[in-house]
Amino acid sequence: MSDEREPADGSTGELIDVRTEERFDEAIVADYLRDKLEGADRRLTVRQFPGGHANLTYLLRYGEGSDAIEYVLRRPPLGPVAKSSHDMHREYRALSRLWQKFPLAPRAYLYCDDAAILGAHFVVMERRHGVVVRGVVPEVFGAGRDPVANRKLSEVVIGCLVDFHAVDPASVGLEELGRPEGFLQRQVDGWAARYDRARTDDVPIADELADWLRVNRPESPPASLVHNDWKLDNMAIAADDPGRCVAVYDWDMCTIGDPLCDLGTLLGLWSERGEPMAGSNPMPTQSEGFMSRQEAIAYYAARSGLDARAVPYYVVFGTFKMAVVLQQIYFRYHNGQTSDERFAGLGGLAEGLFQLAANRRV
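Here is what the cut-offs are and how they apply
Residues numbered from 1 in each chain as written. Predicted model: local features only at pLDDT ≥ 70, side-chain atom pairs only at ≥ 80, totals over all residues. Heavy atoms only, no water. Buried < 20%, exposed > 50% of the residue type's maximum accessible area, 1.4 Å probe, protein only. Helix = DSSP H or I, 4+ residues; strand = E, 2+ residues; numbered from the N terminus. Pairing = 2+ DSSP bridges. Expected span 1.5 Å × (residues − 1). Arc of directions from axis to C-beta. Axes fitted to C-alpha atoms, helices over the stretch in contact; angles between N-to-C directions. Core = buried A, V, L, I, M, F, W, Y, C linked by side-chain atoms within 4.5 Å. Phe/Tyr/Trp six-rings, centres within 6.5 Å; stacked < 30°, edge-to-face > 60°. Salt bridge = Lys/Arg side-chain N within 4 Å of Asp/Glu carboxyl O.

**Topic: the pairing of strand β3 (residues 69–75)**
Moving on, step 1. By the criterion of burial, β3 is predominantly enclosed, with 5 of the 7 residues buried.
Moving on, step 2. Relative to β3, strand β2 (residues 56–62) runs antiparallel, the two sharing 7 bridges. Pairing of Leu56 across the sheet is with Arg75, part of β3.
Moving on, step 3. From the end of β2 to the start of β3, which pair antiparallel, there are 6 residues, and Gly63 there has a positive phi angle of about 90°.
Moving on, step 4. Across 4 bridges, β3 lies against strand β5 (residues 122–126) in antiparallel orientation. Among the inter-strand pairings, Tyr71 is bridged to a residue of β5, identified as Glu126.

Set out below in structure tokens:
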């Protein structure tokens, strides 16, 4: 999940000093990057983007004032992580090429696999400026009171997903990024296994859901590139137009597989009026003007040409996945691998999402 959270003017209002437990030796990093990035011979200042629950994201600023050059550095979270997630090399592979055909993907400039430099593998990419919408619609887009702006936000998150799925992996040299055959089965089994490894309490509905997902798995449509964490707060929106995206973030799970998994991930967090909010960073989909889930499904189907009849299954799976993600983060907090108090209540939120996924079965 991306952490480039910033106000509309691109200022550093939401940047913080690097948290004590998430610091690294800035001098070592500066020496390593000095001859590898444009402008990296200047004085380096490091700040941290505080949002998000997973990968750690930092702003690298070289120089001062209007002439400063900025980059974004991303690394995995502290503590043990799932083998197939937080994959900085995968993120680099995707972002070093995808920008050529999908300009909403920030360009990655460097990947470092030497853990001695920072304590983990990391990637450095270009910085984009825009409005990240999560929780509530920001004031610049009407604070939720503008149904036209809200409609545009709901359309842009679906429309950009269709555009991304339309990219031919071979056209950007990413045809070997994944194994589309058997993708959905591996996804279901893999996420169920992740939950097993992150258990802290007995939640019977989670095991019941895993069995249901295996038994009811549909046939997948033709394979495409898959982002694997597509949602509104992984996008930056132009400050002057809620219907225009300027960047999509968080590519460490990008692969080739079933495109409806992306739609299910998105719609799993798409709550409607009268429903409980979904997740720890819910999208403001209950704001007047936002499309309903059914409208969003129809919009995606009309734009993509895909058969949408099986989408309700993917919504259940997307909700299940988000519950597992929160449980994994809570597991790290429960075991003392992070002291970030934002994570203290995620176990209860995960259990609530498992129940929501069960309620969405049809």
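So, next bit.
**Quick look at helix α6 (residues 204–215)**
Moving on, step 1. Compared with the 16 Å implied by 1.5 Å per residue over 12 residues, the 17 Å span of α6 between its first and last C-alpha is a close match.
Moving on, step 2. Along α6, the positions that sit buried rather than exposed are Ile205, Ala206, Leu209, Ala210, Trp212 and Leu213. Down the axis of α6, the buried side of the element spans an arc of 165°, and every buried residue falls inside it. The exposed set on the far side of α6, more than 90 degrees from its buried face, consists of Pro204 and Val215.

**Examining the sheet that holds β5**
Moving on, step 1. Pairing within the open sheet is antiparallel, and its 5 strands lie in the order β1-β2-β3-β5-β4. Two strands in the sheet have a free side with no partner beyond their single neighbour: β1 (44–49) and β4 (108–112). On average, each strand axis in the sheet is inclined to that of its neighbour by 25°, with strand direction left out of account.
Moving on, step 2. By the bridge criterion, 4 bridges tie β4 to β5 in an arrangement that is antiparallel. Bridged to Tyr111 within β5 is Val123.

**Brief notes about the nonpolar core**
Moving on, step 1. Phe102, Trp230, Trp251, Trp270 and Phe354 are the most contacted members of the largest nonpolar core, which has 91 residues in total.
Moving on, step 2. If one sorts the elements of this core by residue count, helix α9 (residues 311–334) sits on top with 14 residues.

**Some points on the packing of aromatic side chains**
Note on aromatic pairs: each is described by the distance of the centres and the angle between the planes.
Moving on, step 1. Here the structure, examined in full by the defined rule, presents 14 aromatic pairs.
Moving on, step 2. Aromatic side chains Phe102 and Phe164 sit 5.5 Å apart centroid to centroid with 55° between the ring planes, which places their arrangement in the tilted category. Taken together, the positions of Phe102 in the loop between α2 (88–95) and β4 and Phe164 in helix α4 (residues 147–165) put the pair 62 residues apart, joining distant regions of the chain.
Moving on, step 3. Looking at Phe164, the relative accessible area reads 0%, which means it is buried.

**Looking at the pattern of salt bridges**
Moving on, step 1. One pass over the structure, following the stated rule, counts 25 salt bridges.
Moving on, step 2. Close ionic contact of Asp87 with Arg90 constitutes a salt bridge, the shortest N to O distance being 3.9 Å.
Moving on, step 3. Between Arg214 and Asp189 there is a salt bridge whose closest N-O contact spans 3.0 Å. Of this pair, Arg214 sits in helix α6 while Asp189 sits in helix α5 (residues 183–197), placing them 25 residues apart in sequence.
Moving on, step 4. Note on Arg214: relative accessible area 39%, which makes it partly exposed.
Moving on, step 5. Here Asp189 falls in the partly exposed class, since its relative accessible area comes to 31%.
Moving on, step 6. Overlapping salt bridges, with partners in common, bring together Arg74, Glu91, Asp250 and Asp252 in one network.

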